[in-house]
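# Examining the three-dimensional arrangement
Each chain, written out:
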Amino acid sequence: MCRVCGGPVRQFFDFGRQPLSDAFVDPDRVDEEYFYRLAVGICESCGMTQLLDEVARDRMFHEAYPYHSSGSVHMRRHFEQTAGRLSRDHLRGPDPFVVEIGCNDGVMLRSLAKEGIRHLGVEPSGGVAELARQQGVRVRTEFFEEASAAEILAAEGPADLVYSANTICHIPYLESVFRGLDTLLAPDGAFVFEDPYLGDILERTSFDQIYDEHFYFFTVGSVRSAAARFGFEVVDVERLPVHGGELRYTLKRAGRGSPGPAVAALLAEEDGRGLGTPEVFDAFAAGVERVRSELTGLLKELRADGKRVVGYGATAKSATVTNFCGIGPELIDWVCDVTPAKHGKLMPGSHIPVRPTESLAEPYPDYVLLFAWNHAEEIMAKERLFRESGGRWIAYVPEVRIL
Ligand code: SAH
Ligand code: TMP
Ligand code: ZN
């Protein structure tokens, strides 16, 4: 049943039993892993693409949530630019107030905090919320929903802007979020959020965007219809190149703004592509199977030739790839990552060990599988010497190839 409208959801892919994508395993506690079924479908009534099974939110977002948004220089720059844009477009009045849903380690809000703008982050994961505070950001450690929004309104007054990046798609209880927005936003306030775009996921066969935390896969069409259900309207939309292709949506209360030309243009494009039709999902499913067979084939071949292969980026996305393709330590020796909290742990489900990125050169392997493909430019520039010493990168988005 659709989590937005209660309509029937037509499944288009089942990845089977999967571990939580950010639950890195302590080598002494491999027996305690939690698994769920990862299947995805589209609502036949409202067109919202979503997971069929929901993982309880406290299992995913808690004190030890390991994802740090500031781990990428490129993303730090993206959010600095975003802060500038938001303050120019939405925070120009006297004493404006902005709330960010899922501020993580403060990667965006710290820029607004530095400018002295009244702000509040809402972030349930205590560890990253503390990192944000160390950056001078004010944070409430809790989930954004109807009840917390009412408390924020009572304590701080109405918000001129609510912003959120890579978080709204993590929240199954959208109705409660929209009620919260309706409570908290000033009459002409704006809600701006950005998330991975289903159009890009289908086009690039980036099936690794599908994992426990990514509950929804938005399009302009599906966001417009969900917004309308809760009294809001999409007034602007913008494509973003980050994280493999995203859309940034600007919403206002219905009747408080008029949709700009970009909205109609992208809706027409989605219609033209048949986004949401069974044919498009069938093609995606065939693409996923092709990537699985080519990637496992290549890794087995390299292993048979005695090559050393490691992975780069212990991403949440890689949990879907390794577990769905059956890639374990017998094919990938280890995966390196900059995040200290992941070091010494095992990748969820596959149990491939995670090491610091400094390990890469000790000595360089023959091949590196790029799990953090959305940060390819930054990583390949940083690890230039690997390539120069004769090493080769392996990519699997949009197709399996050696770079
Ligand atoms: N905005 C950051 C973080 C994205 S990770 C970025 O773009 O990089 C998603 C974050 O959403 C996590 O830090 C998680 O703890 C948080 N989150 C999950 N559910 C939430 C909710 N209901 N309200 C606020 N934050 C939430
Ligand atoms: P993400 O794709 O969800 O942003 O996750 C990226 C992961 O890759 C995260 O664990 C940090 C890691 N990473 C590196 O190890 N080195 C890097 O240069 C970058 C940009 C990310
Ligand atoms: Zn629906």
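In short, a report on the structure. Model, not experiment: these values are computed from the prediction. Numbering of residues begins from 1 in every chain and follows the order in which that chain's sequence is written. The naming scheme follows written order: chains are lettered A onward, ligands numbered 1 onward. Only residues with pLDDT of at least 70 get local features here, since the model is predicted, and only at 80 or more are side-chain atom pairs given and counted; chain-wide, interface and lining totals rely on the full set of residues. In computing side-chain values, all of the structure's heavy atoms are included and hydrogens and water are not.

Moving on: the coordination of the zinc ion (ligand 3). Sodium, potassium and calcium take a 3.2 Å donor cutoff, other metals 2.8 Å, and in both cases only N, O and S atoms count; water is not among them, so sites may look incomplete. Here the zinc ion (ligand 3) is held by Cys2 (SG), Cys5 (SG), Cys43 (SG) and Cys46 (SG), and the distances to it run 2.2 to 2.4 Å. Every geometry call rests on angle ranges, with four donors termed tetrahedral when all angles are between 85 and 135 degrees, four termed square planar and six termed octahedral when opposite donors are over 155 degrees apart and all others are between 65 and 115, and everything else termed irregular. Coordination geometry of the zinc ion (ligand 3): the four donor atoms subtend angles of 99 to 115 degrees at the metal centre, consistent with an arrangement described as tetrahedral. Read N to C, the donor residues that coordinate the zinc ion (ligand 3) are spaced as C-x2-C-x37-C-x2-C.

Next up on the list: the site of ligand 2. Around ligand 2, a shell composed of 19 residues is seen, among which Tyr67, Lys317, Asp337, Lys342 and Lys382 lie nearest. Throughout this description, a polar contact denotes any pair of N or O atoms lying within 3.5 Å of each other; where both atoms belong to protein, one of them has to be capable of donating a hydrogen while the other can accept it, and for residues adjacent in sequence the pair is counted only when both atoms sit in side chains. In the model, an oxygen atom of ligand 2 is placed 2.8 Å from a nitrogen or oxygen of the Tyr67 side chain. Between Asp337 and ligand 2, the recorded distance is 2.6 Å, taken from a side-chain N or O atom to an oxygen atom. Every accessible area reported is derived by Shrake-Rupley at a probe size of 1.4 Å, with residue values counting cover from the shown protein chains alone. Contact with the protein chains removes 96% of the 480 Å² of surface that ligand 2 exposes when unbound. Helix and strand labels come from DSSP, where a helix needs a run of H or I of at least four residues and a strand needs a run of E of at least two; each type is numbered from the N terminus. Looking at which element gives the most residues to the shell around ligand 2, the answer is helix α12 (residues 376-382), with three residues. Residue classes in the shell around ligand 2 are distributed as six nonpolar, eight polar and five charged. Any residue with a heavy atom positioned within 4 Å of a molecule or strand is treated as near that molecule or strand. Gly counts as polar in this scheme, as do all residues outside two lists: the nonpolar Ala, Val, Leu, Ile, Met, Phe, Trp, Tyr, Cys and Pro, and the charged Asp, Glu, Lys and Arg.

A few words on the pairing of strand β5 (residues 118-122). Classification of residues uses two cut-offs on accessible area relative to the type maximum, computed with a 1.4 Å probe and protein chains only: under 20% is buried, over 50% is exposed, and between them is partly exposed. The buried count for β5 comes to four of five residues, which makes it a mostly enclosed element. Examined bridge by bridge, strand β4 (residues 97-101) and β5 share five bridges and lie parallel to one another. Bridged to Glu100 within β5 is Gly121. A crossover connection joins β4 to the parallel β5 through helix α3 (residues 109-114); in handedness this β-α-β unit is right-handed. In this analysis, strands are considered paired if DSSP registers two or more bridges between them. Clockwise travel from the first strand over the helix to the second, with the strands pointing away from the viewer, marks a crossover as right-handed.

Here we take up the sheet that holds strand β13 (residues 335-336). The strand order β14-β13-β12-β15-β16-β17 describes an open sheet built from six strands, whose pairing is mixed. Here the strands that pair on one side only, and so sit at the sheet edges, are β14 (354-355) and β17 (401-402). Pairing of strand β12 (residues 309-312) with β13 involves two bridges; the strand directions are parallel. Pairing of Gly311 across the sheet is with Val335, part of β13. The sheet strands contacting helix α10 (residues 278-304) are β12, β15 (367-370), β16 (392-395) and β17, and the helix crosses β16 at an angle near 150 degrees. Any pair of residues with heavy atoms lying within 4.5 Å of one another is described as a contacting pair. In this description, a line fitted to the C-alpha atoms serves as the axis of each element, helices being fitted only across the stretch in contact, and the angle between N-to-C directions of two axes falls anywhere from 0 to 180 degrees.

So, about helix α11 (residues 316-325). Spacing of three or four residues puts side chains on the same side of an α-helix, whose turn is 3.6 residues. The element α11 is largely enclosed, with a buried count of nine among its 10 residues. Buried residues of α11: Ala316, Lys317, Ser318, Ala319, Thr320, Val321, Thr322, Phe324 and Cys325, and no others. Each element contacted by the buried residues of α11 is listed here: β1 (9-19), β2 (35-43) and α10. Phi turns positive one or two residues past the end of α11, at Gly326, with a value near 70 degrees.

Around ligand 1 there are 21 residues in total, and Ser69, Glu123, Ser125, Phe144 and Asn166 lie nearest to it. Contact between ligand 1 and Ala165: a nitrogen atom at 2.9 Å from a main-chain N or O atom of the residue. Note that an oxygen atom of ligand 1 is positioned 3.3 Å from one of the side-chain N or O atoms of Thr167. Coverage of ligand 1 by the protein chains reaches 99% of its 580 Å² of free accessible surface. Within the shell around ligand 1, the residues separate by chemical class into 12 nonpolar, seven polar and two charged.

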